[in-house]
Amino acid sequence: MSNNLLAGKKGIIFGALDEKSIAWKTALKCHEQGAQIVLTNAPVALRMGEINKLAEAINAPVIGADVTNMDDLKKLFEEAQTHFGRKIDFVLHSIGMSINVRKGKHYTEMNYEWNQKSLDISAMSLHRVLRTAWDMDALNEWGSVVALTYIAAQRVFPDYNEMADAKALLESITRSFGYHYGVKNKVRVNTISQSPTRTTAGSGVKGFDGFIDYAEKMSPLGNATAEDCANYCAFMFSDLSRYITMQNLFHDGGFSFTGVTGAVIEQMEK
Ligand SMILES: NC(=O)c1ccc[n+]([C@@H]2O[C@H](COP(=O)([O-])OP(=O)(O)OC[C@H]3O[C@@H](n4cnc5c(N)ncnc54)[C@H](O)[C@@H]3O)[C@@H](O)[C@H]2O)c1
């Protein structure tokens, strides 16, 4: 159902890999709410071809950009503005990649070159995106930028590995750049800290199945779905959330503030 929350708004969505991706669901939701979208992903992800289905469904162009490459980002923002005929209203940063996790390296044995790459793709990339938009003056006043994060930035989830550090950095950049962009142009920058969700990136974490069940039992409302995360993103891109900035917003069914639940105690007593 559409309330036309995003009527007339123009946005760039990073990170739709396949239909499980949070970015994919967010693109559909924003389109349904009246927004016009430009989709982008790394060239290697575009070669999978899946994104073309989404592009067709929402009538959006796809512009390739490796988020660690400043020339790619500049080209993306230039082409997106040409397509829209004006500046951008919102950006979704839905990007994560851990080379150490991928290659099975334990946190205590981290390869630092891979770690640099992981931090660049997963965290510094938000700075790169904001910096590109800043230099080009590409975001409208009251524009809204959202990046997706996870509670491993605050608490230890051992198998989340170097991504915990990446998310902590991502959330810090959100506050720091959010301050400067707010002062300069009333642009808002926030992170949404999402429940574990079955996607390609999510399933890369060791023991994910047990973990997602545990989170479900530890959340009074249960795990938030990708569709619900898309709803929250649409709200954050809308004018209904204008004074929210520099925040890390938990979207996790209450997990973050729950010490223990009846369901978990019951299981411990068995
Ligand atoms: N799935 C979960 O459990 C969960 C929970 C909380 C937060 N998140 C976060 O949500 C975001 C989206 O992940 P997802 O779960 O939808 O998985 P996903 O695998 O569908 O999305 C990750 C995206 O990052 C893109 N990417 C990787 N390297 C890139 C590069 N160099 N340049 C541009 N794009 C690149 C991938 O192509 C992919 O589209 C990530 O930041 C992830 O950490 C996921």
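Residue numbers restart at each chain and count upward from 1, following the sequence in its written direction. In view of the model being predicted, local features appear only for residues whose pLDDT reaches at least 70, and side-chain atom pairs are presented and counted only at 80 or more, with totals across whole chains, interfaces and linings using the full set of residues. The side-chain quantities take in all heavy atoms of the structure and omit both hydrogens and water.

*Asks:* How would you summarise the overall build of the chain if you had to cite specific residues and measurements?
*Replies:* Each helix and strand in the chain was counted, giving 11 helices and six strands. For this measure, only C-alpha atoms enter the radius of gyration; the expected value for a globule follows 2.2 Å times N^0.38, where N is the number of residues. Over its C-alpha trace the chain gives a radius of gyration of 18 Å, about what one expects of a compact globule, namely 18 Å for 270 residues. With respect to the three principal axes, the spread of C-alpha positions in the chain is 60 × 45 × 40 Å. We call a residue buried when its accessible area falls under 20% of the maximum for its residue type, exposed when it is over 50%, and partly exposed in between, using a 1.4 Å probe and counting protein chains only. Put simply, the chain has 270 residues, and 51% of those count as buried. Working rule for contacts: check all heavy atoms of both residues, and any pair within 4.5 Å makes them a contact. The long-range fraction of contacts in the chain, counting pairs at least 24 apart against all pairs at least 6 apart in sequence, stands at 76%. When the accessible surface of the chain is totalled, it reaches about 12800 Å², and 52% of it is carbon and sulfur. Under this rule, positive means Lys or Arg and negative means Asp or Glu; His and the chain ends count for nothing. By convention, charge coordinates are those of NZ in Lys, CZ in Arg, CG in Asp, or CD in Glu. In the chain, 28 positive and 30 negative side-chain charges are present, and the distance between their average locations comes to 3 Å. Strands here mean DSSP runs of E at least two residues long; helices mean DSSP runs of H or I at least four residues long; both are numbered from the N terminus. The Shrake-Rupley method, run with a 1.4 Å probe, gives the accessible areas here. Residue values count only the displayed protein chains as cover.

*Asks:* Let's hear about the sheet that holds strand S6 (residues 248–251): which residues, and what values?
*Replies:* By definition, two strands form a pair when at least two bridges between them are found by DSSP. On the basis of which strands lie adjacent, the open sheet formed by six strands has the order S2-S1-S3-S4-S5-S6 and parallel pairing. Two strands lie at the open edges of the sheet, namely strand S2 (36–40) and S6, each paired on one side alone. The average undirected angle you get between the axes of adjacent strands in this sheet is 20°. Across five bridges, strand S1 (residues 10–14) lies against S2 in parallel orientation. What counts as an axis is a line fitted to C-alpha atoms, over the stretch in contact for a helix, and the angles between N-to-C directions run from 0 to 180 degrees.

*Asks:* Describe the confidence of the model for the chain, naming the residues involved and giving the relevant values.
*Replies:* Keep in mind that low pLDDT regions are not for reading the predicted coordinates in detail. Within the chain, residue pLDDT values average 96, and 100% of them lie at 70 or more. Confidence of the predictor in every single residue is expressed as pLDDT, which spans 0 to 100. The weakest mean pLDDT in the chain belongs to helix H8 (residues 200–203) at 80; the strongest belongs to strand S5 (residues 188–194) at 99.

*Asks:* Tell me about the environment of Arg198, residues and numbers included.
*Replies:* Along the polypeptide, Arg198 turns up in the loop between S5 and H8. Accessibility expressed as a relative area gives 44% for Arg198, which makes it partly exposed. Once the C-alpha coordinates of Arg198 and Ala7 are considered, the two residues, 191 residues apart in sequence, prove to be 30 Å apart. Setting aside its immediate chain neighbours within four residues, Arg198 contacts Lys20, Ser203, Phe208, Asp209, Ile212 and Asp213. Of note is the side chain of Arg198, whose polar atom sits 2.7 Å from the side chain of Asp209. Side-chain atoms alone can form a polar contact between residues adjacent in sequence; in general such a contact is a pair of N or O atoms within 3.5 Å, and within protein one must be able to donate a hydrogen while the other accepts it.

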